[in-house]
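# Remarks on the overall topology
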Amino acid sequence: MIMSRPVPRPGVLDIDAYVPGKAGAPGAGRVFKLSANESPLGPSPRAVQALRDMAHEIAIYPEGSSHKLRETVGAVNGLDPARIIMGAGSDNILELLALAYLAPGDEAIYTQYGFLEYRIVTLAAGGVPVVAPETHYTADVDAILERVTARTRIVFLANPNNPTGSYLPRGEIERLANSLPPHVLLVLDAAYAEYVVNDDYESGVALATSRDNVVMTRTFSKIYGLAGLRLGWGYGPSHVIDALNRIRSPFNVSTAASAAGIASAQDVAHMQAAVAHNAKWLPWLTREIEALGLEVLPSVANFVAIRFPTQPGRAAADADRFLTSRGLVLRAIGAYGMGEFLRLTVGLDEANVAVVAALADFMEDRKAAANG
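Cut-offs used in this document
- Residues numbered from 1 in each chain as written.
- Predicted model: local features only at pLDDT ≥ 70, side-chain atom pairs only at ≥ 80, totals over all residues.
- Heavy atoms only, no water.
- Pairing = 2+ DSSP bridges.
- Helix = DSSP H or I, 4+ residues; strand = E, 2+ residues; numbered from the N terminus.
- Core = buried A, V, L, I, M, F, W, Y, C linked by side-chain atoms within 4.5 Å.
- Buried < 20%, exposed > 50% of the residue type's maximum accessible area, 1.4 Å probe, protein only.
- Contact = heavy atoms within 4.5 Å.
- Salt bridge = Lys/Arg side-chain N within 4 Å of Asp/Glu carboxyl O.
- UniProt positions renumbered as here; feature names shortened; annotations may be inferred.
- Axes fitted to C-alpha atoms, helices over the stretch in contact; angles between N-to-C directions.
- Parallel < 35°, antiparallel > 145°, perpendicular 65-115°, else oblique.
- Left-handed = near helix turned anticlockwise from the far one by under 90°.
- Nonpolar A, V, L, I, M, F, W, Y, C, P; charged D, E, K, R; others polar.
- Polar contact = N/O pair within 3.5 Å; in protein donor to acceptor, adjacent residues only side chain to side chain.
- Arc of directions from axis to C-beta.

Sheets are built from strands paired through backbone hydrogen bonds, the pairs being either parallel or antiparallel. Taken in spatial order, the 4 strands make up an open sheet running S9-S10-S13-S12, and their pairing is antiparallel. Strands at the two margins of the open sheet, each flanked by one partner only, are strand S9 (295-296) and strand S12 (331-332). The sheet contact formed by S12 and strand S13 (residues 341-345) spans 2 bridges and is antiparallel. Within the sheet, the bridge partner assigned to Arg-331 lies in S13 and is Arg-343.

This is the structure in structure tokens:
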């Protein structure tokens, strides 16, 4: 067949491009963006200063291996820097893993409400996405294992998961790792690990240290407040990191991102303040929103998923419009198959109080309308 124009290879046009949540509220006065799970405390002041100090270097290419940044991340986390790879956000690491380990027709498993990027990177690499159902909005190890076939090459697992906020405890993660064939790569996406205060949680460091088929990914976008700089990292067996370094683009981490990342990682007090802020407001938001008669999924991250009724006028889309009119921007998550939910990021004190008050007004207005 003669083609009249270039045609993407099979699978590419099956990808639904990732669509971020809205960032603004036209017509509103003050706007609180609570849609992207960004840190309400922002970046470390040390990171801001580091960016100022390096501004004169932007005409020079970055150091290609991110040596100083890897050394810093390794020192802070007690890890071997040689087994760390840096990327333009943890998404970049996920892309590299798919490109390195998925041949056309190979399968990658992810869970029902898992991060949308897993499907995207799988299809982009020519792989076949396989979805494992969740139980009560939580990943199910048995469901994942039941879907492992001779074609399975990767299992992607967000722990904690976005957008549900759920997590699997250490024992279940170890059971999953123990049950997978040795040639299947388990990717533990721990973007929200720093927020988890539960004793039974393990980010994946131990497994990625001791296993030949486990990789952990992390990000500077969330608790470190560097989302705009795009910086993430992966940690795993030397042979996996070697493969990823062979295909990553040169200079994939900018000098600015490296400088800010080093300063952020070293500012432990700023990170601890973010943890403390979240530990205070996450349960408060859950309790206050539930008191309004709305269901909130249990979360260990820096956000909650709120379920709204399905009746016209009271649904998530109605709540989204109402809140946006008040300058409160939440995340609609219908793309995840959770159309009855909105995801709310823990914000600053004023924003948290404002969103609960606005939700109370929304519920009261709908109750009054129903009573006619």
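By size, the foremost hydrophobic cluster in this structure holds 58 residues, and its most contacted members are Met-86, Leu-157, Leu-186, Phe-220 and Trp-233. Ignoring any residue separated from it by four or fewer positions in sequence, one finds Met-86 in contact with Ser-66, Leu-69, Arg-70, Val-73, Ile-93, Phe-220, Leu-231, Gly-232, Trp-233, Asn-252 and Val-253. Ranked by size, the runner-up nonpolar core spans 30 residues in total, among them Leu-96, Ala-108, Phe-156 and Met-338.

This structure, assessed with the given rule, holds 15 salt bridges. For Arg-321, the salt bridge identified is with Asp-318, shortest N-O distance 2.6 Å. Here Arg-321 pairs with Asp-318, and both are found in helix H11 (residues 316-325), just 3 residues apart, close to one helical turn. Note on Arg-321: relative accessible area 54%, which makes it exposed. Each of Asp-106, Arg-151 and Arg-153 takes part in one network of salt bridges that share partners.

In this section: the pairing of strand S10 (residues 303-307). The buried count for S10 comes to 4 of 5 residues, which makes it a mostly enclosed element. Two elements, S9 and S10, share 2 bridges in a ladder whose sense is antiparallel. When the sheet's bridge partners are listed, Val-296 is paired in S10 with Ile-306. Linking S9 to S10, which pair antiparallel, is a turn of 6 residues. Pairing between S10 and S13: 5 bridges, direction antiparallel. For Val-304, the partnering residue across the bridge sits in S13 and is Leu-344.

So, about the UniProt feature "modified residue: N6-(pyridoxal phosphate)lysine" (unreviewed entry) in the protein chain. UniProt's entry tags Lys-222 with the feature "modified residue: N6-(pyridoxal phosphate)lysine" (unreviewed entry), counted in the numbering of this structure. When you line up the elements, Lys-222 lands in the loop between strand S7 (214-219) and strand S8 (232-235). Here Lys-222 falls in the buried class, since its relative accessible area comes to 15%.

Where helix H2 (residues 67-77) meets helix H9 (residues 255-266), the closest approach of the two axes is 9 Å, and the angle between their N-to-C directions is 15°. Between H2 and H9, the crossing angle belongs to the class labelled roughly parallel. In this structure, H2 crosses over H9, and the sense of that crossing is left-handed. Contacts between H2 and H9 pair Lys-68, Leu-69, Thr-72 and Val-76 from the former with Ser-258, Gly-261, Ile-262, Ala-265 and Gln-266 from the latter. Of the residues belonging to the contact of H2 with H9, the class tally is 4 nonpolar, 4 polar and 1 charged.

Along the chain, Asn-37 turns up in the loop between strand S1 (32-33) and helix H1 (45-54). Asn-37 sits in the buried class, given a relative accessible area of 1%. Here Tyr-192 takes part through its side chain, which lies 2.9 Å from a polar atom of the side chain of Asn-37. Residues within four places of Asn-37 in sequence aside, it is in contact with Asn-162, Tyr-192, Lys-222, Asn-302, Phe-303, Arg-343 and Thr-345.

Another aspect to go through is helix H8 (residues 238-247). Buried within H8 we find Val-240, Ile-241 and Leu-244. The buried residues of H8 all sit within an arc of 95° when viewed along its axis, so they share a single face. In this fold, the buried residues of H8 make contact with strand S2 (84-87), helix H3 (90-101), strand S6 (185-189), S7 and S8.

Another aspect to go through is the sheet that holds S2. Pairing is mixed in the open sheet, where 7 strands are placed in the order S2-S8-S7-S6-S5-S3-S4. The two strands at the open ends of the sheet, each matched to only one other strand, are S2 and strand S4 (128-132). For this sheet, the mean angle separating the axes of adjacent strands, direction not counted, is 20°. Note that strand S3 (residues 107-111) and strand S5 (residues 152-158) share 3 bridges and pair parallel. In the sheet register, Ala-108 faces S5, and the bridge partner there is Ile-154.

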